[in-house]
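So you can see what is in the structure, the chains are spelled out below.
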Amino acid sequence: FISYLSLGKPTSLKLPLLLLMFHFPFHICDLLKDGGVLAVSEITWLGRERPQDLTDHWNSEYPEIGLASEKIAILEQQGFKMLGYFPLDRTCWMEEYYIAMQARFDDFLWSHPTQDAQDLVSGEQAEIALYERNSDHISYGFYIAQRAD
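Residues numbered from 1 in each chain as written. Predicted model: local features only at pLDDT ≥ 70, side-chain atom pairs only at ≥ 80, totals over all residues. Heavy atoms only, no water.

Trainee: How should the pattern of salt bridges be read in this particular structure?
Mentor: Opposite charge on two side chains makes pairing possible when the charged atoms of those side chains draw close. Scanning the entire structure with this criterion turns up 2 salt bridges. Glutamate 42 is the salt-bridge partner of lysine 71, the closest N and O atoms lying 3.1 Å from each other. In this pair, lysine 71 sits in helix H2 (residues 68-77) while glutamate 42 sits in strand S1 (residues 37-45), placing the two residues 29 residues apart along the sequence. With relative accessibility at 1%, the residue lysine 71 sits in the buried group. Judged by its relative accessible area of 5%, glutamate 42 falls in the buried class. Of the charged contacts in the structure, one is a salt bridge between aspartate 53 and arginine 133, with a shortest N-O distance of 3.4 Å. (Salt bridge = Lys/Arg side-chain N within 4 Å of Asp/Glu carboxyl O. Helix = DSSP H or I, 4+ residues; strand = E, 2+ residues; numbered from the N terminus. Buried < 20%, exposed > 50% of the residue type's maximum accessible area, 1.4 Å probe, protein only.)

Trainee: Quick question: what am I supposed to make of the confidence of the model for the chain here?
Mentor: Reading fine detail from the predicted coordinates is not recommended where pLDDT is low. Of all residues in the chain, 79% attain a pLDDT of 70 or more, and the chain-wide mean is 81. When the criterion is pLDDT under 50, residues 1-23 qualifies, and its contacts beyond four places in sequence or with other chains add up to 52 contacts. (pLDDT = per-residue confidence, 0-100. Contact = heavy atoms within 4.5 Å.)

Trainee: How do you make sense of the nonpolar core when you look at a structure like this?
Mentor: One broad rule of soluble globular proteins: the nonpolar side chains tend to lie buried together. Counting residues in hydrophobic clusters, the biggest one holds 20 residues, and the most contacted among them are Ile43, Trp45, Trp58, Ile65, Tyr98 and Ile138. With 5 residues, helix H5 (residues 115-134) is the single largest residue contributor to this core. The residues contacting isoleucine 65, other than those within four sequence positions of it, are Ile43, Thr44, Trp45, Trp58, Asn59, Lys71 and Ile138. In this structure, Val40, Ala68, Phe80 and Tyr143 belong to the second largest nonpolar core, which totals 8 residues. (Core = buried A, V, L, I, M, F, W, Y, C linked by side-chain atoms within 4.5 Å.)

Trainee: How should I be thinking about the pairing of strand S4 (residues 138-147) in this particular structure?
Mentor: Within a regular beta strand, the side chains point alternately toward one face of the sheet and then the other, so they alternate between its two faces. Summarising burial for S4: 7 of the 10 residues are buried, a large majority. Where strand S3 (residues 80-87) meets S4, 7 bridges bridge the pair, whose relative direction is antiparallel. Counted as the bridge partner of proline 87 is glycine 141 from S4. (Pairing = 2+ DSSP bridges.)

Trainee: I tried to follow the environment of glycine 84 on my own but got confused; where do I start?
Mentor: The topology assignment puts glycine 84 in strand S3. For glycine 84, a relative accessible area of 23% translates into the label partly exposed. A C-alpha to C-alpha distance of 9.3 Å links glycine 84 and alanine 39, two positions 45 residues apart in sequence. Each residue touching glycine 84, except ones within four places of it in the same chain, is listed here: Phe142, Tyr143 and Ile144.

Trainee: Looking at this model, I keep getting lost on the packing of helix H1 (residues 52-61) against H5. Mind explaining?
Mentor: Each pair of packed helices can be summarised by the angle the axes make with each other and by the distance between the axes. Two numbers describe how H1 lies on H5: the axes approach to 10 Å, and their chain directions differ by 135°. By the angle class used here, H1 and H5 are oblique. Seen along the crossing, H1 lies across H5 with a hand that is left-handed. Counting all contacts with H1, which are made through Asp53, Leu54, His57 and Trp58, the residues of H5 involved are Glu127, Leu130, Arg133 and Asn134. The residue makeup of the contact of H1 with H5, split by class, is 3 nonpolar, 2 polar and 3 charged. (Axes fitted to C-alpha atoms, helices over the stretch in contact; angles between N-to-C directions. Parallel < 35°, antiparallel > 145°, perpendicular 65-115°, else oblique. Left-handed = near helix turned anticlockwise from the far one by under 90°. Nonpolar A, V, L, I, M, F, W, Y, C, P; charged D, E, K, R; others polar.)

Trainee: Explanation requested: the packing of helix H3 (residues 90-102) against H5 in the structure shown.
Mentor: The interhelical angle for the contact between H3 and H5, taken along N-to-C directions, is 160°, at an axis separation of 11 Å. One element, H3, and the other, H5, form an angle in the roughly antiparallel class. Where H3 crosses over H5, the handedness of that crossing is left-handed. Where H3 approaches H5, its residues Arg90, Trp93, Met94, Tyr98, Met101 and Gln102 are matched on the opposing element by Glu124, Glu127, Ile128, Tyr131 and Glu132. Here the contact of H3 with H5 is composed, by residue class, of 6 nonpolar, 1 polar and 4 charged.

Next comes the structure, spelled out in structure tokens:
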């Protein structure tokens with residue numbers, strides 16, 4: 001999963017950056033100019049209570065998953081002031097991600113007639129079914145924060 005920086009103005013970054021994960025191995029704040037704004041999306045639990053199979057799946061696939069409060073604490077520890085947060089709506093996941101991906105499965109399998117390709121598609125189908133059953137418990141959170149100087 002890839003998240004992008006929102007630049008606000010073309011000179012708000014000291015250098016180009018593409019974030020690959022939320023738990024940065026460095027202080028991301030140091031890469032933004034004074035007052036620079038970070039906009040990042042991250043898979044987020046919507047509450048503490050959720051089905052065990054959902055927890056097991058995401059703890060295996062992406063152990064960095066956490067509650068919004070945990071993600072906000074990370075940003076604050078990195079030197080940011082929170083400007084906003086919201087979870088993406090279920091339709092964003094289904095229509096813009098999962099359904100779009102499903103529409104390409106047949107072409108993908110036709111172009112890659114291997115067991116590995118079939119296993120990959122099967123895994124994605126299982127994740128989609130898991131999400132459809134549990135969409136009240138998980139989403140992508142969209143976090144907007146400003147460098148606090």
